[in-house]
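Survey of secondary and tertiary structure
Letter by letter, the chains look like this.
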Amino acid sequence: MGQRITVDPVTRIEGHLKIEVEIENGVVKDAWSSGTMARGFEALLTGKDPRDASYVTSRFCGVCFSVHQMASAACLDDAFGAQVPDGGRILRNLLMGSEYLYDHIIHFYHLTALDYLDIMAVAGYNGNDAGLNAVKDKVVSLVKRGDTYPLTPRYEPDEFSVADPEIVTMAVSHYLEALKIQVTAKNMGAVLGGGRVPHYQGIVVGGVTQIPSPEEIGRFKSMLAEVTAFIKNVYMKDVLLLGGPGGPLFPLAQLGVGGGHLNYLSYGGFPEEASGKEMFFKAGVVRNLHLDNVQSFDPDKVTESVKYAWYREQEPVHPYDGEQIFDRDKADAYSFVKAPRYDGMAFEVGPLARMLIEKNPTLLSLVQAGAKPGAVARHAARMIETVALADQMQVWLGQLIEAQGKPGFRIHDTDHWEVPDTAEGAGFYEAPRGALGHWMKIKDKKIANYQAVVPSTWNASPRDEKGVRGQYEESLIGAPVPDPENPINIVRVIRSFDPCLACAVHIIDPKTNQIRKFRIG
């Protein structure tokens, strides 16, 4: 039996996650992913007015708030029979695009870049760039004062860490620049009609609530240009410098560390026309990396298993029939995360899935150069789609300006605001972290059942009835861990998915509605 080590909590992610691995001969032989916090929001929604759902589910998370509001509104659109007019569709796309821009920038610079940099190399910078020398002086002064947060604590740099003083110092300077640019990106949605950040107020069943003024559109356009310039001149170049062919991280990409099941799923996101059939991010299913056979997504094939999750025993069911009754004493369970499966199989969702399903030529060129699906490829895919989305937002903004000048411009289907007596609805979207689905049943004009299957549920799931590992778990198999005291490759792999386990520490007792607090571990 190999040596078992635990990383708990995995830091620099959203939410609480524990990873356990078994190491044998310097590589991971087995792995377990455990979400150690429960989310009780779905239970809270039962019996409520369905129109409250988009506001309540936005509170799932303070980072990816708007995509839950968006998926919930799409779920309501489906249940109410609402047809979102073009004005509402375009504004929704721009609001969601704003979330992608800030989210992906934060993930690369502030959550994962430190996994690949030997920060202390900054002290060796001997160039003449005044800005980089200022960065060096600041970091060195912090080290002397013993105040190096958030750059430390860290795992010790290894053979894959970048230690070139000029590259590392430049990367740290971009880390600082990204702190400012993500604020601009985050505020874009508030300017265009979200109302505020986080937790937009303007996305509702049938469309959106506010037509932006010419001044607001002008401000949004200026902010988008500023953020796009950073994405193309800094973010894109940094990812290619570090992880592209010839870059210091390309050997890690060639090893394919963090590959996993090689099954990829996308619901599709950013509708390009009213019916929603044409999407900017296409829906699709790829099994075992067979890119020559991208299949259509069938929502009826989604199920959730709770075999190894802290929920009451239940056979795998479609989310319409899911429930949220906790069983903290359940034998063999090890996570609050359920195990979603598509057609009975585990899938990865997120940027790598989207760009593979798209057969994006930039990503495929990296594959042709020798990169394999894994941690480094996920960072590349995330950058590639950020560049593409920033460009497309310029197109949508032009469409909005043109449409606003025409008679009959509408942003909301007001004919379908009233709650139906009985209905079912499903809303699908592509969150920055991957496929997001909300399902709702309505009875007597109230929510009878509400279930959300979020991206990190797909990726962070525990095993299912067949004993098949979730994507995090499978992606860790074979990861090199030559020093169990320094499992840096484990966090590199996990953080490459951009985990978001957050939501709530409170659990609703199904019998008494008493709110309980649990100390886990």
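The text that follows walks through the structure, step by step, so that each part is easy to find. (Residues numbered from 1 in each chain as written. Predicted model: local features only at pLDDT ≥ 70, side-chain atom pairs only at ≥ 80, totals over all residues. Heavy atoms only, no water.)

1. A short note on the environment of G193
Convention followed: Going along the chain from the N terminus, every DSSP run of H or I of four or more residues is numbered as a helix, and every run of E of two or more is numbered as a strand. What makes two residues a contact is simply this: any of their non-hydrogen atoms within 4.5 Å.
Note that G193 resides in helix α6 (residues 165-194). In sequence terms G193 and P340 are 147 residues apart; their C-alpha atoms lie 34 Å from each other. Ignoring any residue separated from it by four or fewer positions in sequence, one finds G193 in contact with G202 and Q210.

2. Re the environment of H290
The condition that has to hold: Here the term buried applies to any residue with accessible area under 20% of the maximum for its type, exposed to any over 50%, and partly exposed to those in between, with areas from a 1.4 Å probe on protein chains only.
Considering the arrangement of structural elements, one finds H290 in the loop between β9 (284-286) and β10 (302-305). A residue is classified by how much of its surface remains accessible, and H290, at 43% relative accessible area, is partly exposed. Separated by 26 residues in sequence, H290 and Y264 place their C-alpha atoms 9.8 Å apart.

3. Description of helix α3 (residues 65-80)
Three or four residues apart is the spacing at which side chains of an α-helix point the same way, because the helix has 3.6 residues per turn. This is how the line gets drawn: A helix's residues, less one, multiplied by 1.5 Å, set its expected span.
If you check α3, its first and last C-alpha atoms are 23 Å apart, about what 16 residues at 1.5 Å a residue would give, namely 22 Å. Burial analysis of α3 places 15 of its 16 residues in the buried class, which makes it a mostly covered element. One or two steps after α3, the chain reaches G81, where phi turns positive at roughly 75°.

4. Focus on the sheet that holds strand β1 (residues 3-7)
Backbone-to-backbone hydrogen bonds pair the strands of a sheet. The strands run either parallel or antiparallel. Applied cut-off: One requirement defines pairing of two strands: DSSP has to find at least two bridges between them. Structural elements are reduced to axes, namely lines fitted to C-alpha atoms, with helices fitted over the stretch in contact, and the angle between N-to-C directions of any two is expressed from 0 to 180 degrees.
Sheet architecture is open: three strands sit in the order β1-β2-β3, paired in antiparallel fashion. With partners counted over all chains shown, the strands left at the sheet margins are β1 and β3 (27-35), one partner each. Pairwise comparison of adjacent strand axes, ignoring direction, gives a mean angle of 20° for this sheet. Of the strand pairs in this sheet, β1 and strand β2 (residues 17-24) are connected by five bridges, and their pairing is antiparallel. By the bridge assignment, R4 is partnered in β2 with E22. Contacting β1 and β2, helix α14 (residues 488-495) crosses the sheet at an angle of about 135° to β2.

5. Brief notes about the packing of helix α9 (residues 351-358) against helix α11 (residues 375-404)
Test applied: Geometric relationships in this document are graded by angle, where less than 35 degrees denotes roughly parallel, more than 145 denotes roughly antiparallel, 65 to 115 denotes roughly perpendicular, and other angles denote oblique. By convention, the crossing between two helices is left-handed when the near helix turns anticlockwise from the far helix through less than a right angle, and right-handed when the turn is clockwise. When residues are grouped by polarity, Ala, Val, Leu, Ile, Met, Phe, Trp, Tyr, Cys and Pro land in nonpolar, Asp, Glu, Lys and Arg in charged, and all others, Gly among them, in polar.
As a packed pair, α9 and α11 sit with axes 8 Å apart at the nearest point and diverge in direction by 70°. Taken together, the axes of α9 and α11 are roughly perpendicular relative to one another. In this structure, α9 meets α11 at a crossing whose hand is left-handed. Listed contacts from α11 to P351, L352, R354 and M355 of α9 are A377, R378, A381, R382, I384 and E385. Its residues assigned to classes, the contact of α9 with α11 comprises six nonpolar, no polar and four charged.

6. Things to note about the pairing of strand β12 (residues 422-431)
Judged by how many residues are buried, β12 sits mostly within the fold: seven of ten residues are covered. Pairing of β12 with strand β13 (residues 434-443) involves ten bridges; the strand directions are antiparallel. Within β13, the residue paired with G425 across the bridge is M440.

7. Overview of the layout of surface pockets
This is how it is decided: Of the grid points, spaced at 1 Å and generated over the protein atoms alone, those admitting a 1.4 Å probe that cannot get out make up cavities, while open sets with protein on both sides within 12 Å along at least five of seven lines make up pockets; any residue with an atom within 4 Å of a point is treated as lining. Grid points are joined across faces, edges and corners, and a volume is the space filled by probe spheres set on the points.
The computed volume of the largest pocket comes to approximately 750 Å³. Considering the residues around the largest pocket, the lining is formed by 27 residues, among which A74, S275, G276, M279 and F428 are closest to the centre. Elements that contribute at least two residues to the lining of the largest pocket include exactly α3, α4 (86-112), β7 (269-271) and β12. For the lining of the largest pocket, a count of residues per class yields 13 nonpolar, eight polar and six charged.

8. Overview of the sheet that holds β12
Pairing is antiparallel across the open sheet formed by three strands, whose spatial order is β12-β13-β14. The strands lining the two open edges of the sheet, one partner per strand, are β12 and β14 (446-453). Within this sheet the neighbouring strands show an average axis-to-axis angle of 15°, counted without direction. With seven bridges joining them, β13 and β14 adopt antiparallel strand pairing. In the strand pairing of β14, K441 is matched with N449.

9. A word on the pattern of salt bridges
Applied cut-off: Whenever a carboxyl oxygen of Asp or Glu lies within 4 Å of a side-chain nitrogen of Lys or Arg, that contact is scored as a salt bridge.
Throughout the structure, instances matching the rule amount to 27 salt bridges. When the shortest N-O distance is used, the salt bridge between D158 and R492 registers 2.9 Å. Of the two residues, D158 sits in the loop between α5 (130-145) and α6 while R492 sits in helix α14, which places them 334 residues apart along the sequence. Judged by relative accessible area, which is 24%, D158 ranks as partly exposed. Ionic pairing is found between K330 and E313, a salt bridge with its closest N-O pair at 3.6 Å. Placement of the pair is K330 in the loop between β10 and β11 (339-342) and E313 in the loop between β10 and β11, with a sequence separation of 17 residues. Here K330 falls in the buried class, since its relative accessible area comes to 9%. Judged by its relative accessible area of 45%, E313 is partly exposed. Overlapping salt bridges bring together D30, R463, R469, E473 and E474 as one network.

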